[in-house]
Amino acid sequence: MDHFFIKRRRNSEVKYTEACSSSSVESGIVNSGNIEKNTDSNLQISTSFEPHFKKKKVSARRYNEDYLKYGFIKCEKPFENDRPQCVICNNILANESLKPSKLKRHLETQHAELIDKPLEYFQRKKKDIKLSAQFLTCSTISEKALLSSYLVAYRVAKEKIANTAAEKIILPACLDMVRTIFDDKSADKLKTIPNDNTISLRTCTIAEHLEAMLLTRLQSGIDFAIQLDESTDTGSCTTLFVYVRYAWQDDFMEDFLCFLNLTSHLSGLDIFTEIERCIVGQYKLNWKNCKGITSDGTATITGKHSRVIKELLEVTNNGTVWNHCFIHREGLASREIPQNLMEVLKNAVKVVNFIKGSSLNSRLLEKFCSEIGTNHTHLLYHTKVRWLSQGKILSRVYELRNEIHFCLIEKKSHLANIFEDDIWVTKLAYLTDIFSILNELSLKLQGKNSDVFQHVECIQGFQKTLLLWQARLKSNHPSYYMFPRFLQHIEENIINEDILKEIKLEILLHLTSLSQTFNHFFPEEKFETLRENSWVKDPFTFRSPESIIELNLVPEEENELLQLSSSYTLKNDYETLSLSAFWIKVKEDFPLLSRKSVLLLLPFTTTSLCELGFSIFTQLKTKERNGLNGTAAMRVALSSCVPDWNELMNRQGHPS
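All of these numbers come straight from a predicted model, not from anything done at the bench. Every chain is numbered on its own, with residues counted from 1 as its sequence reads. The predicted origin of the model limits local features to residues at a pLDDT of at least 70 and limits the giving and counting of side-chain atom pairs to 80 or more, whereas totals for whole chains, interfaces and linings rest on all residues. Only hydrogens and water are set aside; all other atoms, that is, all heavy atoms of the structure, feed into the side-chain values.

Q: Could you give an account of the packing of aromatic side chains, naming the residues involved and the relevant values?
A: Side-chain rings of Phe, Tyr and Trp, where Trp is taken by its six-membered ring, are said to pair if the distance between their centres is within 6.5 Å; with planes under 30 degrees apart they count as stacked, over 60 as edge-to-face, and otherwise as tilted. The final tally for this structure, using the stated rule, is 23 aromatic pairs. Residues Tyr121 and Phe122 carry aromatic rings whose centres are separated by 5.5 Å and whose planes lie at 80° to one another, so their mutual orientation is edge-to-face. Relative accessible area decides the class of each residue, using a 1.4 Å probe on protein chains only: under 20% of the type maximum gives buried, over 50% gives exposed, and in between gives partly exposed. With relative accessibility at 0%, the residue Phe122 sits in the buried group. Judged by centre distance (5.1 Å) and plane angle (85°), the ring pair of Tyr430 and Phe483 falls under edge-to-face. Residue Tyr430 is located in helix H15 (residues 422-444), and its partner Phe483 is located in the loop between helix H16 (452-474) and helix H17 (484-492); the two are separated by 53 residues in the primary sequence. Take Phe483: its relative accessible area is 0%, and that puts it in the buried class. Three or more aromatic residues joined by ring pairs form one cluster here, namely Phe326, Tyr430, Phe462, Trp469, Phe483, Phe518 and Phe522. Lying over the aromatic face of Tyr150, Arg202 brings its terminal NZ or CZ to 5.0 Å of the ring centre. By definition, any uninterrupted DSSP run of H or I lasting at least four residues is a helix, any uninterrupted run of E lasting at least two residues is a strand, and each is numbered from the N terminus. Geometrically, a lysine NZ or arginine CZ counts as sitting over a ring once it is within 6 Å of the ring centre and also within 35 degrees of the ring normal.

If you want it as C-alpha cells, here you go:
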C-alpha cells in the first residue's frame, strides 16, 4: 500500500515537471542563459515538491443596509468599497467580514455596552461620520486654497505688479484654463482662493515671516556689513535704503534690511537717530557685529564727513570699515572732461532735448528711422544721476546722426549745423567710444557677491590701460585701435592731418585727466591692506616657508597657511567655489585664516543693491499708487530668503 502511494506521488511530480517545462517553452520568455539555473533550481525543489491544488474563487460580498443595526456602514473612502466601517470606533474590516455573525461578534466583543441600543442611535452615529468626512474634505480644500493664495501673493510681489492682478488677471485666467482642460466642477474649487484684499494680507504675512527669518539669523551674533543710500521717490519723499551682507551656511548672503522714509531738511544726526531706532531699537541688532559700512560719499546724507558715518563709526567703536562706493567714485572720476569735448557733449544733449521735448519732432524722427530701417528709432534722455546715461545717449546720437540731421533740417533748427561740422562729429565718435568703455567698467563693478579683490583688479587694470593708451598716442605712429567708432570715422572720411593732430591732443589731454582723477579717487595707499593680505585672494601661491614669512602673519596663521597651501583637495575646492565660500568652508580646519579672510571680504564695495532697490520701489510706487507704503511689497520683492510655506500654513488663513 505504501509503495502505491509513493509511486502515485512520483507520477504527479513527473506530470508537474513536464507541465512546467512545456509551459516555459511555449511562453518564450526564458532566455538560454538562465536554462541551467532554472534546471538546477527545479532539481532542488523537486525533492520537496507538494502537489498544487487550485483555490476556490471567492466572490466579493455586498453591503446591506440591515447591517446598520450592528453598528456598521459602507466605507466611503477611495479604494475601500464594499468594506464595513464601524460607526463607533471607525475601524474598517475586511470584505470577508460582511456577515451578520461577524459584524455582531464585533459589536458584542468591542462595544458590549451598546448591544441594546436602538437603530436610531446608530443612524445618528452614521450622520456624524459623514459630517466628519465632509469637514475633512473641506479642510483639505481650504488648506490648498490657502497655500495657493500665498504662492500667488508671493509671485505678485516678486514680479512687482499690483495686487488687483490676482483678481483681475491671474484667477480668471486659471479658471478659464481649468474649465477648458478639466470641467466646471474643478474650476469652481479655484473660486475658494481669496481676492485681492487677502492677497495684500498674504503679502504682509510673507513679509513679516521673511523679516523674522532674517533677524533670527542676524540676532544670533554673526558678523554683518551694511550698505546704505538715499534717493527721492515719485512723491518727492526722501527714502533711505539699507542692505546687509552676512555669512550663512556655506557662503555670503545679501539681503534687503530696511528702508526708512525721511522727512525733508533732516540733519545728519537726525538721520543717524532714525537708523539707530530701526536697527538697534526695532531689530535688536548689535553694532559691534557690524564690520563694514558702504555709502555713496555724498556730503549731506551718508558722506564720510557727515554726522551719519561719523556716528556709525563711533557706535561700532571704530571696529568697522567705511568704504566709498566704487561706482560712485568711478562716476566722479569720469566727469572730468576738457572744455572742447564738454561743448560736444552739451550740444549732443541739446539735440536730444530738442527732439524729445516735442512729440511732433520725436514722431518725425521715428517715422524717418522706420522708413530707412535703422536699428533704433528713439533717442535717450541724458541725466547725471544715471551711471550709464552718457555712454548710451552718445551712442544713440552717433548712430542716428544722419537721420537726426535730416529731422533738424526739416524743423529748420540751427542745431543742424553741428552735424555738418566734421570735426564735431569726429569728437562725438571719440566721446561715444570712451564713455562706452566707462560704461563697461561700471557694469563690471555691479552685481551680487562680488569681492573687493575683483573690483580693485578692474580699477587698477583700467588705470594701467589709460597709461597704455597715452603711450600709444604719444608714439611716432599713434594708434586708435582702442576707439573703434573714432577709427572707422577717420578712415571713412577725409580729415586734415593738422586737424587730426589737434583732436589727438585733446584726446590725450582727456586721457591724462582721466588717469589723474582715477588716481585721486582710487589712491594706491587705500589698497595697502589688500596687498598685505594677498594670500586671501590665492593662498596656494604661497607654498614655500620663505614666501609665507614675508606676509607678516602670526606663527599660528603661518602654520595654517602652510598646511592649507599644501592640500590638493582644498585647491580643487578653491577652483570651483567662490572666494567667500571657500574661506567659509575651511573655517573648522583653519579658523584663524578663515576669520581674517571673511572679515576682509565681508564689507560691500558698492551701493548697487540700494540702486536696485530704488528702481524697484519706483516701479511699485507709481503715480497711480502714490499712496502705497510699499514696505511689505518691497520686503518680498527684494528678500533673498525663501519662505517656509509649512510655517506660513500654520497661521490663520482668513481674518475673522
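Moving on, there is more to tell.
Q: Outline the layout of surface pockets, listing residues and values.
A: In this structure, the second largest pocket spans a volume of roughly 740 Å³. A cavity, in this analysis, means grid points on a 1 Å lattice covering only the protein atoms where a 1.4 Å probe fits yet has no way out; a pocket is instead an open set bounded by protein on both sides within 12 Å along at least five of seven lines, and a residue lines either one if it has an atom within 4 Å of a point. Lining the second largest pocket we find 23 residues, and of these Trp322, Asn323, His324, Arg329 and Lys526 sit closest to its centre. Counting residues per element, the ones that place at least two in the lining of the second largest pocket are strand E7 (321-324), helix H10 (326-334), H16, helix H18 (497-521), helix H19 (528-532) and helix H24 (591-601). In terms of residue count, the dominant contributor to the lining of the second largest pocket is E7 (four residues). When residues are sorted by character, Ala, Val, Leu, Ile, Met, Phe, Trp, Tyr, Cys and Pro go into the nonpolar class, Asp, Glu, Lys and Arg into the charged class, and all the rest, Gly among them, into the polar class. Of the residues contributing to the lining of the second largest pocket, the split by class is 13 nonpolar, six polar and four charged. Grid points are joined across faces, edges and corners, and a volume is the space filled by probe spheres set on the points.

Q: I'd love a proper account of empty space enclosed by the protein, names of residues and values included.
A: With the rule as written, the count across this model stands at two cavities of 30 Å³ or more. If you add up the space inside the largest cavity, you get close to 50 Å³. Every residue lining the largest cavity is counted, 13 residues in all, and those nearest its centre are Arg245, Glu254, Gly447, Phe604 and Thr606. Of the residues in the lining of the largest cavity, the class split is two nonpolar, eight polar and three charged. Here the bounds of each domain stem from an automatic or database domain assignment. The residue makeup of the lining of the largest cavity includes at least three contributed by each of domain 2 (141-321 + 606-655) and domain 3 (333-522).

Q: Report on the sheet that holds strand E4 (residues 238-248), specifying residues and quantitative values.
A: Taken together, five strands build an open sheet; the order of strands is E5-E4-E3-E6-E7 and the sheet is mixed. Of all strands in the sheet, those bounded by a partner on one side alone are strand E5 (251-262) and E7. Going from strand to strand, the sheet's axes swing by 20° on average, the running direction of each strand aside. Should DSSP find at least two bridges between two strands, the strands are taken to pair. Note that strand E3 (residues 224-232) and strand E6 (residues 290-295) share four bridges and pair parallel. Looking at E6, one finds that Phe224 is bridged to Cys290. Here, two residues are considered to be in contact whenever any of their heavy atoms come within 4.5 Å of each other. Interaxial angle, 0 to 180 degrees, is taken between N-to-C directions of lines fitted to C-alpha atoms, where a helix line uses only the stretch in contact. The strands touched by helix H9 (residues 307-315) within the sheet are E3, E6 and E7, with E6 carrying the most contacts at an inclination of about 175°.

Q: Describe unusual backbone geometry, with residues and values.
A: Within the chain, Lys412 stands out as a residue other than glycine whose phi angle is a positive 55°. If you trace the backbone, Lys412 turns up in the loop between helix H14 (401-410) and H15. For Lys412, a relative accessible area of 78% puts it in the exposed group.

Q: Describe the packing of helix H21 (residues 555-565) against H24, naming the residues involved and giving the relevant values.
A: In a pair of packed helices, the angle between the axes and the distance between the axes together describe the arrangement. Packing of H21 against H24 brings their axes to within 8 Å, and their N-to-C directions diverge by 95°. The orientation of H21 with respect to H24, classified from their angle, is roughly perpendicular. Residues Glu556, Glu557, Glu560 and Leu561 of H21 touch H24, and the partners they reach there are Pro591, Leu592, Leu593 and Lys596. For the contact of H21 with H24, the residue count by class is four nonpolar, no polar and four charged. Angles below 35 degrees are treated as roughly parallel, those above 145 as roughly antiparallel, those between 65 and 115 as roughly perpendicular, and all remaining angles as oblique.

Q: An account of the pairing of E5 is needed here, citing residue identities and associated values.
A: Burial within E5 is extensive, with nine of its twelve residues counted as buried. Strand direction decides the pairing type here: E4 and E5, joined by eleven bridges, are antiparallel. Bridging from a neighbouring strand, Trp248 pairs with Asp251 of E5. Counting the residues that bridge the hairpin from E4 to E5 gives two residues, and of these Gln249 lies at a positive phi of roughly 60°.

Q: An account of the nonpolar core is needed here, citing residue identities and associated values.
A: In plain words, nonpolar cores are sets of buried Ala, Val, Leu, Ile, Met, Phe, Trp, Tyr and Cys residues tied together by side-chain atoms within 4.5 Å. If you look at the biggest cluster of nonpolar residues, it comprises 84 residues, and the most contacted ones within it are Phe483, Phe486, Phe518 and Trp583. The next biggest cluster of nonpolar side chains, apart from the first, holds 45 residues, and it includes Val152, Leu218, Leu285 and Trp322.

Q: Residue-level account of the environment of Trp322, with values.
A: Position of Trp322 relative to the elements: it lies in strand E7. Any pair of nitrogen or oxygen atoms within 3.5 Å is treated as a polar contact; in protein, a donor-acceptor pairing is required on top of that, and neighbouring residues in sequence qualify only through side-chain atoms on both sides. For Trp322, the side chain forms a polar contact with the side chain of Ser295, separated by 3.0 Å.

Q: A description of the pattern of salt bridges should follow, citing residues and the corresponding values.
A: Note on definitions: salt bridges are taken to be side-chain nitrogens of Lys or Arg within 4 Å of carboxyl oxygens of Asp or Glu. Applying the stated criterion to the full structure yields 13 salt bridges. For Arg635, the salt bridge goes to Glu211, with nearest N and O atoms at 3.3 Å. Note that Arg635 is positioned in helix H26 (residues 631-638) and Glu211 in helix H7 (residues 196-218), a separation of 424 residues in sequence. On the basis of relative accessibility, which here comes to 22%, the residue Glu211 falls in the partly exposed class. A salt bridge links Lys596 to Glu557, with the shortest nitrogen-to-oxygen separation between them at 3.5 Å. A residue pair is termed long-range when its members are at least 10 positions apart, and Lys596 in helix H24 and Glu557 in helix H21 qualify at 39 residues. Residue classification places Glu557 among the buried residues on the basis of a relative accessible area of 11%.

Q: Please provide a residue-by-residue account of H24, values included.
A: Those residues of H24 that sit buried are Leu593, Ser594, Ser597, Val598, Leu600 and Leu601. In a view along the axis of H24, the buried residues occupy a sector of 160°, so they form one face of it. Buried residues along H24 sit against E4, E5, H16, H19, H21 and helix H23 (579-585). By construction, the arc corresponds to the directions joining the helix axis to the C-beta atoms.

Q: Go over a nonpolar patch on the surface, please, and point to the residues and values.
A: A contiguous nonpolar patch, built from Met177, Ile181 and Phe182 and spanning about 370 Å² of accessible area, is present on the exposed surface. Turning to its location among the elements, Met177 is positioned in helix H5 (residues 164-181). A relative accessible area of 48% means that Met177 is categorised as partly exposed. For patch detection, residues must exceed 30% relative accessible area and be free of salt bridges, and they are connected within 9 Å for like charges or within 5 Å for nonpolar side chains (Val, Leu, Ile, Met, Phe, Trp, Tyr). Computed by Shrake-Rupley with a 1.4 Å probe, the accessible areas treat only the displayed protein chains as cover when residues are assessed.

Q: Before we move on, can you summarise the state of the cysteines with the specific residues and values?
A: The definition used for a disulfide is geometric: two cysteine sulfur atoms within 2.5 Å. As enumerated under the stated definition, the model contains zero disulfides in all. Cys278 forms no disulfide, and the closest cysteine sulfur to it belongs to Cys258, at a distance of 3.7 Å. Classification of Cys278 as buried rests on a relative accessible area of 7%.

Q: Account for the confidence of the model for the protein chain, with residues named and values stated.
A: In the predicted model, the protein chain carries a mean pLDDT of 79, and the fraction of residues at 70 or more is 78%. This stretch, residues 1-55, has a pLDDT under 50; its non-local contacts, to residues over four places away or in other chains, come to five contacts. Note on scores: pLDDT gives the predictor's confidence for each residue, bounded by 0 and 100.

Q: Quick one: what's the story with the pairing of E3, residue by residue and with numbers?
A: In this sheet, E4 lies alongside E3 in antiparallel orientation, the contact comprising nine bridges. Of the residues in E4, the one forming a bridge with Ser231 is Thr239.

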